[in-house]
Amino acid sequence: MKFLLVRVDDRLLHGQVVYGWGGPLRPRRYLIVDDRAASDAWEREAYTASAVGAPVEVLDLERFAQGWRGTPDAAGTLVLLRDLAGLHRLWVSGFRPEGGVNLGGIHARAGTRPRLSFIHLTEEEERTLGVLLAAGCDLHAQELPGTPRHDVETIRTWVREA
Amino acid sequence: MTGSAVRGILVTHGRLGAELCRTAEAILGPQADLIALSNTGLSAEALSAELRALLPPGERAILFVDLLGGSCGNICSLLKRERPDALLASGVNLPMLLEFLVHRGRVDPTELKERLQSRAVDAIRCIGWEPETRA
């Protein structure tokens, strides 16, 4: 199944997504797949109330993992994941999006090293990337439509042996 | 109660907030309790932690954000749960900020809120490009 875009971004729905990607891609729906947001009514409300241009839905990882093949209007749906751990959980459960996965924003935290201005990884995340790549997950890193796209070969150079 | 204790915290993309503060101070002179935070290079958690440290519980403050639905707006929306005394004001522009700085010590919080909203909106005009009229 081909989604409009599947993106890993620790800020989930924000300006770069709504205006940067949303402008050219014209999503008909934003789908946040995240346990924390799904379990927190306040956070869900913050995202859905501030939607611009298209409605926002929030699902937890388990529910999406079970039902992603039946996603209505997948071609018009922009899927947002918070982190690589979430992507890995979905991958293990069988999630195989055509068109690959966009790494769009994994920002600096304690214990991370910068790989790109918008990608900072812990050792654990580097190992997770290695597992995903070895399993055939098609990954690229790109912050915005008009900025350079870093393909899977670049990402391979970041990978730490598991 | 007047708004004399109201702190202003601008939470914006890039240097927008810092430049708005700098410009407002160029117009009004140095201002106390006016702070700019940027989301540049920070995760949501890191920016939330910085903001939380600037906003002790119980302190009345206004969180100015540039874009409701952007990361700064989302973070402030979520923080409001922990800091119910804070007001979230989105779409910050220079007229809104000047209105805040001029009136925060002079009017009560309810009036201050109304003034911010009306001033920010009223200041927006699109002038020109009128349909051509032919004699």
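Note that this is a predicted model, so its numbers are computed, not measured.

S.K.: What's the story with the overall build of chain B in this structure? I'm lost.
M.R.: Check the secondary structure of chain B and you find five helices and four strands. Beginning at the N terminus, the succession of helices and strands in chain B can be written as β-α-β-α-β-α-β-α-α. If you line up chain B on its principal axes, its C-alpha atoms span 65 × 35 × 30 Å. Relative to its full complement of 135 residues, chain B shows a buried share of 36%. Long-range contacts, defined here as pairs at least 24 residues apart, represent 70% of the contacts in chain B between residues at least 6 apart.

S.K.: Looking at this structure, how should I read the overall build of chain A?
M.R.: Scanning chain A from N- to C-terminus turns up seven helices and eight strands. Burial analysis of chain A (162 residues in total) assigns 41% to the buried set. Sequence-distant contacts, at least 24 apart, represent 71% of the contacts inside chain A between residues at least 6 apart.

S.K.: Is there a simple way to explain unusual backbone geometry in this structure?
M.R.: Glycine aside, negative phi is the norm for most residues, and most peptide bonds take the trans geometry. Residue and element names in this part refer to chain A. Notably, Arg 26 is not glycine yet its phi reads approximately 50°, a positive angle. Secondary-structure assignment places Arg 26 in the loop between helix H1 (15-25) and strand E2 (29-33). Residue classification places Arg 26 among the exposed positions, given that 12 C-beta atoms sit within 10 Å. Of note in the backbone geometry, Asp 73 takes a positive phi value of approximately 50° without being a glycine. The residue Asp 73 is located in the loop between helix H4 (61-67) and strand E4 (77-81) in this model. For Asp 73, a count of 11 C-beta atoms within 10 Å corresponds to the exposed category.

S.K.: Hey, could you run me through the interface of chain A and chain B in this one?
M.R.: How big an interface is tends to be expressed through the accessible area that disappears when the partners come together. At the interface, 16 residues of chain A touch 17 residues of chain B. The residue inventory of the side of chain A that touches chain B, partitioned by class, reads eight nonpolar, four polar and four charged.

S.K.: What is the right way to look at the sheet that holds strand E1 (residues 7-12) of chain B in this model?
M.R.: All names here are of chain B. A sheet is described by the order of its strands in space; here four strands give the open sequence E2-E1-E3-E4, paired in parallel fashion. Both edges of this open sheet fall to strand E2 (34-38) and strand E4 (86-90), since each of them pairs with a single strand only. Averaged over neighbouring strand pairs, the angle between their axes works out to 20° when direction is ignored. In this structure, E1 lies alongside strand E3 (residues 61-65), joined through five bridges in parallel fashion. For Ile 9, the partnering residue across the bridge sits in E3 and is Leu 63. Relative to E2, helix H1 (residues 16-28) is tilted by about 155°, and along the sheet it contacts E1 and E2.

S.K.: Is there a simple way to think about the sheet that holds E2(A) in this case?
M.R.: Each strand in a sheet pairs with another by means of backbone hydrogen bonds, the pair being arranged parallel or else antiparallel. Residue and element names in this part refer to chain A. With parallel pairing, the six strands of this open sheet are ordered in space as E3-E2-E4-E1-E5-E8. Taken across any chain shown, the strands that pair with only one partner, and hence form the sheet edges, are strand E3 (56-59) and strand E8 (139-141). On average, each strand axis in the sheet is inclined to that of its neighbour by 25°, with strand direction left out of account. Where strand E1 (residues 5-9) and strand E5 (residues 101-105) come together, three bridges link them in parallel fashion. Its bridge partner being in E5, Arg 7 is matched across the sheet by Asn 102.

S.K.: In this structure, what is going on with the packing of helix H4 (residues 94-103) of chain B against helix H5 (residues 109-122) of chain B? I would like to understand it.
M.R.: Packed helices, taken two at a time, are described by the angle between their axes plus the distance between the axes. All names here are of chain B. Packing of H4 against H5 leaves a shortest axis separation of 8 Å and a crossing angle of 150°. Here H4 lies roughly antiparallel to H5, going by the angle between them. In the packing of H4 onto H5, the handedness of the crossing is right-handed. Facing H4, whose interface residues are Pro 95, Met 96, Glu 99, Phe 100 and His 103, H5 presents Leu 112, Arg 115, Leu 116, Arg 119 and Ala 120. Per-class residue counts for the contact of H4 with H5 are six nonpolar, one polar and three charged.

S.K.: When you look at the packing of helix H2 (residues 44-54) of chain B against helix H3 (residues 71-79) of chain B in this model, what are you seeing that I'm missing?
M.R.: Residues and elements named next belong to chain B. Interhelical geometry of H2 versus H3 gives an angle of 55° and a closest axis separation of 10 Å. With respect to H3, the axis of H2 lies oblique. Remark: the crossing between H2 and H3 carries right-handed chirality. Between H2 and H3, the residues in contact are Ala 44, Leu 47, Ser 48, Leu 51 and Arg 52 and Ser 71, Ile 75 and Leu 79, respectively.

S.K.: How do you make sense of the nonpolar core when you look at a structure like this?
M.R.: Within soluble globular proteins, side chains that are nonpolar tend to cluster in buried spots. In this structure, Leu13(A), Ile32(A), Val33(A), Tyr47(A), Val79(A), Leu80(A) and Leu87(A) are the most contacted members of the largest nonpolar core, which totals 43 residues. In contact with Leu87(A), not counting residues within four places along its chain, are Val8(A), Leu81(A), Val101(A) and Leu132(A).

S.K.: Can you walk me through helix H3 (residues 41-49) of chain A in this structure?
M.R.: Along an α-helix, a turn takes 3.6 residues, which lines up residues three or four apart on a common side. Taken together, the buried positions of H3(A) are occupied by Glu43(A), Ala46(A) and Tyr47(A). Down the axis of H3(A), the sector holding all buried residues measures 90°, keeping them to one side. Opposite the packed face of H3(A), turned more than 90 degrees from it, sit the exposed residues Ala41(A), Trp42(A) and Ala49(A). On its buried face, H3(A) sits against E2, helix H2 (35-39) and E3 of chain A together with H3 of chain B.

What counts as what
Residues numbered from 1 in each chain as written. Chains lettered and ligands numbered in written order. Predicted model: local features only at pLDDT ≥ 70, side-chain atom pairs only at ≥ 80, totals over all residues. Helix = DSSP H or I, 4+ residues; strand = E, 2+ residues; numbered from the N terminus. Buried ≥ 20, exposed ≤ 12 C-beta atoms within 10 Å, placed from the backbone. Contact = placed C-beta atoms within 7 Å. Nonpolar A, V, L, I, M, F, W, Y, C, P; charged D, E, K, R; others polar. Pairing = 2+ DSSP bridges. Axes fitted to C-alpha atoms, helices over the stretch in contact; angles between N-to-C directions. Parallel < 35°, antiparallel > 145°, perpendicular 65-115°, else oblique. Left-handed = near helix turned anticlockwise from the far one by under 90°. Core = buried A, V, L, I, M, F, W, Y, C linked by C-beta atoms within 7 Å. Arc of directions from axis to C-beta.

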